[in-house]
Amino acid sequence: MKIGASMKIVVRADASLTMGSGHIMRCLTLADWLKQQGHDISFICRAHDGHLADLIGQKGFAVQLLAKSETADFIKQHAHSEWLGASESDDFAECKPILQALKPDWLIIDHYAIGKNWEQQAKRLLPNLKILAIDDLADRTHDCEILLDQNFGRKNEDYQPLVPSDCQRLLGTRYTLLRDEFASWRAMSLNRRKSVQPPNNILVNLGGVDNDNVTLKILQSLNTFVQQSTQAFNVTVVMGKTAPHIVRIQDFAKQANFPCHVIVNANNMAELMANADLAIGAAGSTTWERCCLGLPMVLIVLADNQQVIAKALADKNVVKVVTDMAALDEQLPRLLSEIADNYKKFSRQSAKLVDGQGAKRVAHWIEFAQKFQHCQLRQATQADTQMIWQWRNHIDVRRWMFGQDEIALADHEKWYGKQLDHANVHLLIFEVAGEPMGLVNVTQMTIDKYQTLQLANTHTPNPNASSPNEKTASWGFYLSPNSAKGQGLGFALGVLAIAQIFNTTDIGKITAQVLAYNTASLALHRKLGFSETGVLKQHFGVGDKVYDVVVFELEKMDFYY
C-alpha cells in the first residue's frame, strides 16, 4: 500500500571491521522495501576497511564513498565517535555537496557517531528535509521526524528527552528490519520445530566480521564437549567475506570431532536458520532474524551495546546467554542442554517477538509522515471540554453513534471529567497544522452510556475472543464537523492513534463496533487492518429501524504501522 508520490531518499550509514556489517545490512533491507514502492534510494558511506560499497552497488543502489580518514585526532562527542572516522562537523562537510546535489526528501541515518549536531546542519542546508534516525543505544540527542529503535524492551520514555516532542518513535521488535526472505521462511521454520527431537543441527554465526575470532573458541568448546560426551552435533558455520579468520576456521573444520561445514558470504541465511535446530551467535541484529524463525539460541555478547539486549531476552527466558567466555567449556554444554529440554517453549517465545514485517512498517511510516506531515496527536485536556461537547452534539457526528441524543453541557462535563481521571482511558485530540480536528477515545472498559463503543455489552461470536485478563481496549473516534473531506484525515487519525496506543501502552488488541450503515467507518477499519470478527444482528435501533452492528478487532502484530 503506497502512500503519496515518489521520494528521493539518502542513507548515511557505514560498515567496517570494527563496527561490523549490521548497520548497512538493515539499511539495505529498508532500502529494498522503499525501492519496491518506487522511491529513489542512494547511500553515502565512508571507505573504512570492510565498507561494503560493492554489495550496495550489487543491490542496485548508487553509493558515494567518503575518503578513509588517516587520523583519529578529533573531538569525540559520542561513545562511538571513533566509528565515524572524522568529527561530526567534518563528516557533514564532506556530505554537504552530495546532499546539495541530490536534494533528498528524506535522510535515513544509521550511525552511532551521528546525532543532533549533524542532523541540524543537514536541515539548515535543506529546509524541507526530513530525517529517520536509527538508534539502538538512546545515548545521544536527535533532531528527527522518526526515531527507530528495534530493541526488545525499549520504552517510550527512553527517548523522551532525546528527540523532539512531535517525533514519531518506532520502538521495539515490531519494527525489526529483516529481509523478505525471513518472512517467507517463517511458516515452514515454525512448523518444523514442532517435531525437532533431539535438536542437534547447530548454526554458528558471530556476525559478518568476528574480528576476535570468537567462532574458533565456540568450535573448540563444542569439540571438547563432543569428546567428553555421547552428544552428536552437525555444525554449520556462516562467516562474512570480510571476516579476517576464515582460513583458520576452515582448517579447524577439517579436523573437528563433528561434521562441520563452513559457508562464506551466505546468500540464503533464512533458509540456513530455518533448517537449523539451534543457534550460537552474537547478540546483535542477527538475534531478531533467529527470533522471526523461532530458532532457539545461545547468545554471545561481543560488544558493550549488546549487553542490554542479551540481558533483557535472558530475563524473559527467551534465550540463553554465555556470561563468561573464560568459562565457555562449562557454560555452553549446560545452556544447550537447557534449551533442548524446553525446546518448543524457547521457539514459541522467540517467534512472538518478531514477525518479519518490520521493514514494511517502517517504510509505511516514512510515506505516511511525508504525506501527513502536519498531522499529530496530543492528550486531551480540561480546556477541550466545550469544543468536544460542540463536536459531539453536531448532527454530522452523533448520527453515527450508539448514543444519538443531544447531551446537556452539565452531563457532558461530568462524563468528560471522569474520562480524564481514569488511568485506563486515553483521550486524544487529533490536530492538523495545530488546529484541533478530531477526538479519539480508547478504553479498557465501558464508562457510561455516552461512550460511543461499549465493550462490556459486546457479545462476539468469535471463538478466539479476548479473555477478561487479556489487555484489550475498545476505541471510538470522530473528526470534527468542520474537518476537510476527501483528504484522508480519518486514516491519518487512525494510524496515529493506534500507533500511539500500541507503542506506548501494554494494550495488545483494539476492538470496535460499527453501525452497519456507516460505510465510511467500515471501510476505514478495513484499511487500517482490522479484521471483521462478527455481526450483531438487528442490534441497534434508530427511530423505527433496527440495524446490524459489525464487530472488528486489530491485534498489535497485524497493524501495518
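Please read all numbers here as calculations on a predicted model, not as lab measurements.

Asks: What is the right way to look at the overall build of the protein in this model?
Replies: The secondary structure content of the protein amounts to 18 helices and 20 strands. A compact globule built from 561 residues would reach a C-alpha radius of gyration of about 24 Å, and the protein, at 26 Å, matches this within 12%. Dimensions along the principal axes, computed over C-alpha positions, put the protein at roughly 85 × 60 × 35 Å. Among the 561 residues that make up the protein, the fraction classed as buried is 56%.

Asks: How do you make sense of the packing of aromatic side chains when you look at a structure like this?
Replies: The geometry of two aromatic rings is summed up by the distance between their centres and the angle between their planes. Within the structure shown, the criterion is met by 20 aromatic pairs. Judged by centre distance (4.5 Å) and plane angle (40 degrees), the rings of Trp475 and Phe477 are tilted. Taking the relative accessible area as the measure of exposure, Trp475 reaches 1% and is therefore buried. The exposure class of Phe477 is partly exposed, given its relative accessible area of 22%. Geometrically, the ring pair formed by Phe559 and Tyr561 is tilted, given 5.8 Å between the ring centres and 50 degrees between the ring planes. Tyr561 matches Phe559 in its accessibility class, with the two residues each being buried. Each residue in the set Trp365, Phe368, Phe372, Phe491, Phe502, Phe559 and Tyr561 is aromatic and connected to the rest through ring pairs, giving one cluster. Across the ring face of Phe61, the terminal group of Lys35 is positioned such that the distance to the ring centre comes to 5.1 Å. Stacked on the ring of Tyr175, the Lys or Arg Arg174 has its end atom at 5.2 Å from the ring centre.

Asks: Can you help me understand the sheet that holds strand S16 (residues 435-443) in this one?
Replies: Strand pairing within a sheet occurs via backbone hydrogen bonds; the two strands may be parallel or antiparallel. Strand order in the open sheet formed by seven strands is S14-S15-S16-S17-S18-S20-S19, and the pairing between neighbours is mixed. Two strands lie at the open edges of the sheet, namely strand S14 (375-379) and strand S19 (531-542), each paired on one side alone. Recorded for the sheet is a direction-independent mean angle of 30 degrees between the axes of neighbouring strands. Relative to strand S18 (residues 509-515), strand S17 (residues 472-479) is paired through three bridges, and the arrangement is parallel. Residue Ser474 lies in a different strand from S18, and its bridge partner there is Thr511. The sheet strands contacting helix H14 (residues 385-393) are strand S15 (425-432), S16 and S17, and the helix crosses S16 at an angle near 85 degrees. Packing of helix H18 (residues 519-527) onto the sheet brings it into contact with S17, S18, S19 and strand S20 (545-555), and relative to S18 it is tilted by some 160 degrees.

Asks: Teacher, can you tell me more about the sheet that holds strand S12 (residues 297-300) here?
Replies: As summarised here, the arrangement of the six strands in space is S10-S9-S8-S11-S12-S13, forming an open sheet in which the pairing is parallel. On the outer flanks of this sheet lie strand S10 (260-264) and strand S13 (320-322), each paired with one strand and no other. Each neighbouring strand pair of the sheet contributes to a mean axis angle of 20 degrees, computed without reference to strand direction. Of the strand pairs in this sheet, strand S11 (residues 278-282) and S12 are connected by four bridges, and their pairing is parallel. From the neighbouring strand, Gly281 faces S12, where its bridge partner is Leu299.

Asks: Explain the layout of surface pockets here, please?
Replies: Empty space among the atoms becomes apparent when a probe as large as a water molecule is rolled across them. As a volume, the second largest pocket reaches approximately 1200 Å³. Lining the second largest pocket are 32 residues, with Phe152, Leu353, Thr505, Asp506 and Lys556 positioned closest to its centre. Broken down by element, the lining of the second largest pocket gets its largest block of residues, three residues, from helix H17 (residues 489-504). Across the lining of the second largest pocket, the residue classes break down as nine nonpolar, eleven polar and twelve charged.

Asks: Teacher, can you tell me more about H17 here?
Replies: Owing to its 3.6 residues per turn, the α-helix aligns residues three or four sequence positions apart on the same side. An ideal rise of 1.5 Å per residue puts 22 Å on 16 residues; H17 measures up with 22 Å between its terminal C-alpha atoms. Within H17, 14 of the 16 residues are buried, which leaves it mostly tucked inside the rest of the structure.

Asks: Is there a simple way to think about the pattern of salt bridges in this case?
Replies: Between side chains of opposite charge, pairing is possible as soon as their charged atoms come close. One pass over the full model with this rule turns up 28 salt bridges. Residues Arg26 and Asp110 are paired through a salt bridge, measuring 2.7 Å at the closest nitrogen-oxygen approach. Linking Arg26 in helix H1 (residues 22-36) with Asp110 in strand S4 (residues 106-110), this pair joins segments that are 84 residues apart in sequence. Given a relative accessible area of 7%, Arg26 falls into the buried group. A relative accessible area of 0% places Asp110 in the buried class. Ionic pairing is found between Arg378 and Asp384, a salt bridge with its closest N-O pair at 2.9 Å. Look at Arg378 and you get partly exposed, because its relative accessible area is 25%. Through salt bridges with shared partners, a single ionic network connects Arg12, Asp14, Arg46, Asp91 and Glu94.

Asks: Explanation requested: helix H6 (residues 214-227) in the structure shown.
Replies: Between its first and last C-alpha, H6 extends 20 Å over 14 residues, near the 20 Å set by a 1.5 Å rise per residue. Taken across its 14 residues, H6 has ten buried, putting it largely inside the fold. Listing the buried residues of H6 in full gives Val214, Thr215, Leu216, Ile218, Leu219, Ser221, Leu222, Asn223, Phe225 and Val226.

Asks: Would you mind showing me how to read the packing of H14 against helix H16 (residues 409-421) here?
Replies: When two helices pack together, you describe them by how their axes are tilted relative to each other and by the distance separating the axes. In the contact formed by H14 and H16, the axes pass within 10 Å of each other and the chain directions differ by 120 degrees. Taken together, the axes of H14 and H16 lie oblique to each other. In this structure, H14 crosses over H16, and the sense of that crossing is right-handed. From H14, Thr385, Ile388 and Trp389 reach across to H16, where they touch Leu409, His412, Glu413 and Tyr416.

Definitions and limits used
- Residues numbered from 1 in each chain as written.
- Predicted model: local features only at pLDDT ≥ 70, side-chain atom pairs only at ≥ 80, totals over all residues.
- Heavy atoms only, no water.
- Helix = DSSP H or I, 4+ residues; strand = E, 2+ residues; numbered from the N terminus.
- Rg over C-alpha atoms; globule rule 2.2 N^0.38 Å.
- Buried < 20%, exposed > 50% of the residue type's maximum accessible area, 1.4 Å probe, protein only.
- Phe/Tyr/Trp six-rings, centres within 6.5 Å; stacked < 30°, edge-to-face > 60°.
- Lys NZ or Arg CZ within 6 Å of the ring centre and 35° of its normal.
- Pairing = 2+ DSSP bridges.
- Axes fitted to C-alpha atoms, helices over the stretch in contact; angles between N-to-C directions.
- Contact = heavy atoms within 4.5 Å.
- 1 Å grid on protein atoms, 1.4 Å probe; cavity = no way out; pocket = protein on both sides within 12 Å on 5 of 7 lines; lining within 4 Å.
- Points joined across faces, edges and corners; volume = space filled by probe spheres on them.
- Nonpolar A, V, L, I, M, F, W, Y, C, P; charged D, E, K, R; others polar.
- Expected span 1.5 Å × (residues − 1).
- Salt bridge = Lys/Arg side-chain N within 4 Å of Asp/Glu carboxyl O.
- Parallel < 35°, antiparallel > 145°, perpendicular 65-115°, else oblique.
- Left-handed = near helix turned anticlockwise from the far one by under 90°.

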